[in-house]
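# Results of the structural survey
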Amino acid sequence: MKEPLVSVVISTYNEEKYILDSINSILHQTYENIEIIIVDDASTDNTVRLIQGIKNNKIRLYVNDTNRKLAHNLNFGMSKAKGQYIARMDADDIANVDRLKKQYEFMEDNKDIDLIGTSVDFIDENNCIIQKNTFVVKNSDKIKDYLKYTNVVIHPTFFFRKSILQKVNGYREILFAE
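Throughout, residues of each chain are indexed from 1 in the direction in which the sequence is written. The predicted origin of the model limits local features to residues at a pLDDT of at least 70 and limits the giving and counting of side-chain atom pairs to 80 or more, whereas totals for whole chains, interfaces and linings rest on all residues. The basis for every side-chain value is the complete set of non-hydrogen atoms in the structure, without hydrogens or water.

## Details of the overall build of the protein
- Helix and strand assignments come from DSSP, with helices taken as H or I runs of at least 4 residues and strands as E runs of at least 2, each series counted from the N terminus. Scanning the protein from N- to C-terminus turns up six helices and eight strands.
- The globule rule puts the C-alpha radius of gyration for 178 residues at 16 Å, and the 16 Å found for the protein is close to it.
- Dimensions of the protein, computed from the C-alpha atoms along their principal axes, are close to 45 × 40 × 35 Å.
- Throughout, exposure labels follow a simple rule: accessible area from a 1.4 Å probe, protein chains only, divided by the maximum for the residue type, with under 20% read as buried, over 50% as exposed, and the rest as partly exposed. Expressed as a percentage of its 178 residues, the buried residues of the protein come to 40%.
- Here, two residues are considered to be in contact whenever any of their heavy atoms come within 4.5 Å of each other. Counted over contacts in the protein with a minimum sequence separation of 6, partners at least 24 positions apart contribute 73%.
- The charge count treats Lys and Arg as positive and Asp and Glu as negative. His and the chain ends do not count. Each charge is placed at NZ for Lys, CZ for Arg, CG for Asp and CD for Glu. Within the protein, one finds 24 positive and 26 negative side-chain charges whose respective centroids are separated by 5 Å. We compute the radius of gyration over the C-alpha atoms and compare it with the globule rule, which gives 2.2 Å times the number of residues raised to the power 0.38.

## Regarding helix H1 (residues 19-27)
- Regarding H1, the residues found buried are Ile 19, Ser 22, Ile 23, Ser 25, Ile 26 and Leu 27.
- Those residues of H1 that are buried lie in contact with strand E1 (6-12), strand E2 (34-40), helix H2 (47-52), strand E3 (59-63) and strand E4 (85-90).

## Details of the side chain of Thr 12
- For Thr 12, the position within the fold is in strand E1.
- Aside from chain neighbours lying at most four places away, what touches Thr 12 is Ile 19, Ile 38, Val 39, Asp 40, Asp 41, Ser 43, Thr 47, Ile 51 and Ala 91.

## Brief notes about the packing of aromatic side chains
- Aromatic rings from Phe, Tyr and Trp, with only the six-membered ring used for Trp, were paired whenever their centres fell within 6.5 Å, and each pair was classed as stacked if the ring planes differed by under 30 degrees, edge-to-face if by over 60, and tilted otherwise. The final tally for this structure, using the stated rule, is four aromatic pairs.
- Plain terms: the ring middles of Tyr 62 and Phe 76 are 5.2 Å apart, the flat faces sit at 80° to each other, and that makes the pair edge-to-face. Taken together, the residues span a long stretch of sequence, with Tyr 62 in strand E3 and Phe 76 in helix H3 (residues 70-80) at a distance of 14 residues.
- Exposure remark for Phe 76: the relative accessible area of 28% places this residue in the partly exposed category.
- In textbook terms, an aromatic cluster arises when at least three aromatic residues are bridged by ring pairs, as seen for Tyr 31, Tyr 85, Tyr 104 and Phe 159.

Just geometry here; none of it tells us what the structure is for.
Shown next, in the form of structure tokens:
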């Protein structure tokens with residue numbers, strides 16, 4: 001049986017230094033049934049040309065005429081998603097090779113959960129780990145308490161069922177937050 005499609009949504013703006021590493025980390029996942037939806041927010045550098053240079057039918061690129069900001073781009077990208085699951089990815093991040101597989105398997109084993117995220121390691125320009133971040137809140141009561149003061153899930157690690165988009169109506173398009 002073929003695994004469900006996972007749609008990876010990336011918003012980018014002037015990320016020519018990092019975008020190829022980011023995309024390649026998704027293209028080389030152990031979970032292979034993916035599509036990559038990239039929304040470029042009117043980059044003024046070579047980001048779009050670099051993406052266009054990747055010849056892979058899993059990638060769909062949309063380019064804004066004007067800068068619309070992250071929430072708009074994510075909503076647009078998710079509206080184009082065909083997958084049963086949506087994974088977020090930032091244009092300057094690198095995913096571990098088994099990220100999508102582990103997230104997919106967790107969601108399949110936990111049908112009562114709609115959204116998950118992971119911890120991250122912070123890296124420098126040379127992909128060297130400069131800080132390990134293993135803080136992940138798993139207790140639902142603690143999550144509710146922590147949400148009053150901080151973010152408990154690192155945004156570009158979101159992995160969720162597409163079906164919840166209708167319940168939450170996507171991202172609110174407000175300044176300084178998604």
